[in-house]
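Here is what each chain is made of, one letter per residue.
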Amino acid sequence: MTNLSLHYAPGTCALAVRIALEEAGAPYELVRVDFASAQQRSPAYLALNPKGRVPVLVTDHGVLTETPALLAYVAQSFPGARLAPADAHGFARMQELHSYLASTVHVAHAHRPRASRWADEPDAIAAIQRKVPQNMTECFDFIEHHYFARADQGPWVMGGQYTVADGYLFTIGTWLEGDGVDIARFPKVYAHAQRVRERPAVQRALA
C-alpha cells in the first residue's frame, strides 16, 4: 500500500491536493505546517522542501512539490478514481489549465499577501496590492469565457468528467473574496464552485 503524507497549511493551494486524495480514496497522513511560527523556514522543513513552501507530498518513491505535479501524481497513482483524462490530448489540456492556475492566477493573487517579494518600498507595495483585484478579475474572466466557453461542455471544467483540475480551480476561487473580487460576477465559475463544494470528498477535505 502506498504511504502518503501531505504537508499543508490552511488557506493554501494544498487544499487542492487534499481534495484529490479524498476523491481518490487514498490513505494519507496530514501534517500541518505552522506558517505563524515560520515553521516552513525551519531547518527540518527546508530539508524536506528547500523552497520553504506547501504543499509537499511524501511518497514511497520520494518527496514531491508543486501543486500541478502532486495532482498529476495522485490522478495517475489511483487510475480507478478517473481523476484525469485518459487520452494524451485531454491530459495535456488539464495540465494547460494547471499551468495557468499555478503560473498566472496564483502569482496574481500572491501580489496581495506577499507583495514584499516584488518590492521593498511601502508605496510600491501598496501599488502592487491595489492591482490585485483587477488582475484576478481578468484571470477569472478568462477562465469564465475560455475554459467554460461551451454551454454544452458539461458540469466540470474539463467537460463531462470530474478531474483533479476541478478541485484546483475551486481552491483558487476561494481566494477571490479576500482579493476583493466577487466570484458571483463569473456565473459559470460560481456555479462550478457550488457543484464542487457539494461533493462528499470536498466536504471531507474542507472539514
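In this report, the structure presented in the accompanying data block is examined. Just so you know, these numbers come straight off a predicted model, no measurement behind them.

### Quick look at the side chain of E23
No. 1: Tracing the sequence through the fold places E23 in helix α1 (residues 14-24).
No. 2: Among the residues examined, E23 registers a relative accessible area of 17% and is labelled buried.
No. 3: Within the structure, the side chain of E23 is placed 2.8 Å from the side chain of R199, a separation counted as a polar contact.
No. 4: What E23 contacts, discounting residues up to four positions off in sequence, is A81, L83, Y162, R199, A201 and V202.

### Some thoughts on the pairing of strand β3 (residues 56-59)
No. 1: Sheet analysis places strand β1 (residues 4-8) next to β3, joined by three bridges and oriented antiparallel. What sits directly across from L6, in β3, is L57.
No. 2: Summarising the sheet, β3 and strand β4 (residues 62-65) pair through four bridges and their orientation is antiparallel. Pairing of V58 across the sheet is with V63, part of β4.
No. 3: Hairpin connection of β3 to β4: two residues between the antiparallel strands.

### Re the layout of surface pockets
Rolled over the atoms, a probe as big as a water molecule pinpoints where empty space is left.
No. 1: Estimates place the volume of the largest pocket at around 680 Å³.
No. 2: Every residue lining the largest pocket is counted, 29 residues in all, and those nearest its centre are R53, V54, H106, R114 and R117.
No. 3: Of all the elements, helix α4 (residues 88-110) adds the most residues to the lining of the largest pocket, at five residues.
No. 4: Across the lining of the largest pocket, the residue classes break down as 13 nonpolar, nine polar and seven charged.
No. 5: Approximately 210 Å³ is the volume attributed to the second largest pocket.
No. 6: Among the elements that line the lining of the second largest pocket, the one with the most residues is α1, at three residues.
No. 7: Classifying every residue of the lining of the second largest pocket by side-chain character gives seven nonpolar, four polar and one charged.

### So, the packing of helix α7 (residues 164-173) against helix α8 (residues 187-197)
No. 1: α8 packs onto α7 with a crossing angle of 110° between their chain directions and a minimal axis gap of 10 Å. Taken together, the axes of α7 and α8 are roughly perpendicular relative to one another. Handedness of the crossing formed by α7 with α8: left-handed. On the side of α7, the interface is formed by D166, L169 and F170, while α8 contributes H192, A193, V196 and R197.

### Here's the deal with the packing of α1 against α7
For any two helices packed against each other, one specifies the inter-axial angle together with the distance between the axes.
No. 1: Close contact between α1 and α7 brings their axes to 8 Å; oriented N to C, the two are set at 145°. With respect to the hand of their crossing, α1 and α7 are arranged in right-handed fashion. Within the contact between the two elements, α1 uses L15, A16, I19 and A20 and α7 uses V164, G167, Y168, F170 and T171.
No. 2: Among the residues forming the contact of α1 with α7, the class breakdown is seven nonpolar, two polar and no charged.

### Things to note about α8
No. 1: Residues of α8 that are buried: V189, H192, A193 and V196. Summarising the axial view, the buried residues of α8 lie within an arc of 100°, below the 170-degree limit, and thus occupy one face.
No. 2: Packed against the buried residues of α8 are α6 (132-147), α7 and α9 (200-206).

### Details of the packing of aromatic side chains
No. 1: Applying the stated criterion across every chain, the model contains four aromatic pairs.
No. 2: On the basis of an interplanar angle of 55° and a centroid distance of 5.2 Å, the ring pair of Y100 and F142 is categorised as tilted. On the criterion of sequence distance, the pair formed by Y100 in helix α4 and F142 in helix α6 is long-range, its members being 42 residues apart.
No. 3: What makes Y100 buried here is its relative accessible area of 17%.
No. 4: Taking the relative accessible area as the measure of exposure, F142 reaches 36% and is therefore partly exposed.
No. 5: Ring geometry for F142 against Y147: centres 5.9 Å apart, planes inclined by 85°, an arrangement best described as edge-to-face.

Thresholds, definitions, all that
Residues numbered from 1 in each chain as written. Predicted model: local features only at pLDDT ≥ 70, side-chain atom pairs only at ≥ 80, totals over all residues. Heavy atoms only, no water. Helix = DSSP H or I, 4+ residues; strand = E, 2+ residues; numbered from the N terminus. Buried < 20%, exposed > 50% of the residue type's maximum accessible area, 1.4 Å probe, protein only. Polar contact = N/O pair within 3.5 Å; in protein donor to acceptor, adjacent residues only side chain to side chain. Contact = heavy atoms within 4.5 Å. Pairing = 2+ DSSP bridges. 1 Å grid on protein atoms, 1.4 Å probe; cavity = no way out; pocket = protein on both sides within 12 Å on 5 of 7 lines; lining within 4 Å. Points joined across faces, edges and corners; volume = space filled by probe spheres on them. Nonpolar A, V, L, I, M, F, W, Y, C, P; charged D, E, K, R; others polar. Axes fitted to C-alpha atoms, helices over the stretch in contact; angles between N-to-C directions. Parallel < 35°, antiparallel > 145°, perpendicular 65-115°, else oblique. Left-handed = near helix turned anticlockwise from the far one by under 90°. Arc of directions from axis to C-beta. Phe/Tyr/Trp six-rings, centres within 6.5 Å; stacked < 30°, edge-to-face > 60°.

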